[in-house]
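Below, each chain spelled out in residue letters.
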Amino acid sequence: MATTATNNTDENYDVFLSFGGDTRYNFSSHLLGAIKRQHVNTYVDFNLERGSEISSALVSAIRKAPVAVVILTDHTASSKWCLDEATEIMECKRTRNQIVLPIFYHLDPSDVRNQSGCYGVAFEEHMKKEDCIEKVPTWREALKQMANLSGWHCVANMNEYELVENIAEDVRKIVHSNCLNVNRAKDEFERQKDMLRQLYKKNQITSDQTLQVWEMAKIANLTNRDIGKASKLSEEIKKVIEEGKTSRKVMLVQNK
């Protein structure tokens, strides 16, 4: 895996690193360095001047990464940008099976979960702004869900060097494990396609079933974020192939 820290969204990444401006030049940069040393391809947003909403390019980068590491601080809830980013990440967890790893940096996780303390104050301020009122419930739910995930808690008297090294090593293991799962899914799809070819030869599958299976088999060209979809479709392929075994009326379809 190549090592990258960039704004280029034309390639796929193993990890999307999400953080606010308050840790850009300290904890976040140290963590990025540690992850780079583990040779994990990582996307980092270097844009210092952020608008009111996250860009489509940034959304694309989030969706491409199978793993998101999110650094939550006292200031996260005050930033609409960070809240939108967290919301998109949790949506990717729900719809794309993205692995989300939160880091609570000098922050009580219960404040994130319950939106109390500094998070409660931040949301009170958001409720006073017309452009934020409708988003507040979504932001709250995203943070609540994120706070319930397993992650790391960095307290004030902790050795941060050891922490970032441990986090980077854990991230490497998670990325590696996820890649292995994807490779297993690819192998399974190849096996399913071989079964399909055998059924062709034995005249035991209909053209309609063939087209359905072949559309699903296209998912064999997987990226990491498709692993959940792969498992589901693999089961569907098995089901359709089993149905095809009982069919005797056949119209062969040319394989390409």
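Residues numbered from 1 in each chain as written. Predicted model: local features only at pLDDT ≥ 70, side-chain atom pairs only at ≥ 80, totals over all residues. Heavy atoms only, no water.

Some thoughts on the packing of aromatic side chains
Heads up, the rule is: Here a Phe, Tyr or Trp ring, Trp counted by its six-membered ring, pairs with any other such ring whose centre lies within 6.5 Å, and the pair is stacked when the planes are under 30 degrees apart, edge-to-face when over 60, and tilted otherwise. Counting from the N terminus, the helices are the DSSP runs of H or I reaching at least four residues and the strands are the DSSP runs of E reaching at least two. Accessible area is worked out with a 1.4 Å probe on protein chains only. A residue is then buried under 20% of its type maximum, exposed over 50%, and partly exposed in between.
Applying the stated criterion across every chain, the model contains three aromatic pairs. Ring centres of Tyr-13 and Tyr-43 lie 5.2 Å apart, and the angle between their planes is 75 degrees; on these two criteria the pair is classed as edge-to-face. Highlighted residues: Tyr-13 in the loop between strand 1 (5-6) and strand 2 (15-18) and Tyr-43 in strand 3 (residues 42-44), separated in sequence by 30 residues. What makes Tyr-43 buried here is its relative accessible area of 3%. Seen from their ring centres, Phe-27 and Tyr-105 are 4.6 Å apart, and the 35 degrees between their planes marks the pair as tilted. Of the two residues, Phe-27 sits in helix 1 (residues 27-37) while Tyr-105 sits in strand 5 (residues 99-105), which places them 78 residues apart along the sequence. Here Phe-27 matches Tyr-105 in class, with each residue buried.

Things to note about helix 6 (residues 136-147)
How we decide: Expected span of a helix, by definition, is 1.5 Å for each gap between consecutive residues, and there is one gap fewer than residues. The directions from the helix axis to the C-beta atoms are what the arc is built from. We call two residues in contact whenever any of their non-hydrogen atoms come within 4.5 Å of each other.
The end-to-end C-alpha distance of helix 6 is 16 Å, a good match for the 16 Å that 12 residues give at a rise of 1.5 Å each. The complete set of buried residues in helix 6 reads Val-136, Trp-139, Ala-142, Leu-143, Met-146 and Ala-147. Considered in projection along helix 6, the buried side chains sweep an arc of 130 degrees and stay on one side of the axis. Buried residues along helix 6 sit in contact with strand 4 (67-72), helix 3 (80-96), strand 5, helix 4 (109-114) and helix 5 (118-126).

Considering the environment of Trp-152
Position of Trp-152 relative to the elements: it lies in strand 6 (residues 152-154). Since its relative accessible area comes to 15%, Trp-152 is described here as buried. Separated by 51 residues in sequence, Trp-152 and Leu-101 place their C-alpha atoms 8.0 Å apart. For Trp-152, the residues in contact, after removing those within four places along its chain, are Leu-101, Pro-102, Ile-103, Phe-104, Leu-163, Ile-167, Asp-170 and Val-171.

Considerations on the side chain of Thr-42
Applicable threshold: The term polar contact refers here to a pair of N or O atoms within 3.5 Å; inside protein, the definition further demands a hydrogen-donor-capable atom paired with an acceptor-capable atom, and it admits residues adjacent in sequence only when both atoms are side-chain atoms.
With respect to the helices and strands, the residue Thr-42 is situated in strand 3. A polar atom in the side chain of Thr-42 sits 3.0 Å from the backbone oxygen of Val-40.

Some thoughts on the environment of Trp-81
In this fold, Trp-81 is placed in helix 3. The exposure class assigned to Trp-81 is buried, which follows from its relative accessible area of 7%. Between the C-alpha atom of Trp-81 and that of Ser-55, which follows or precedes it by 26 residues, the distance is 9.7 Å.

Thoughts on the nonpolar core
Side chains that are nonpolar tend, in soluble globular proteins, to be buried together. Formally: Here, nonpolar core means buried Ala, Val, Leu, Ile, Met, Phe, Trp, Tyr and Cys residues that are tied together by side-chain atoms lying within 4.5 Å of each other.
Grouped together as the largest cluster of nonpolar side chains are 34 residues, with contacts concentrated most on Phe-16, Leu-72, Ile-89, Val-112, Leu-143 and Met-146. Going through the elements one at a time, helix 2 (56-64), strand 4, helix 3, strand 5, helix 5 and helix 6 are the ones with two or more residues in this core. Once you skip the residues sitting within four places of it in the chain, Val-112 turns out to touch Leu-72, Phe-104, Leu-107, Tyr-119, Leu-143, Lys-144 and Ala-147. Of all hydrophobic cores here, the second largest spans 24 residues; its members include Phe-19, Val-40, Val-69 and Ile-167.

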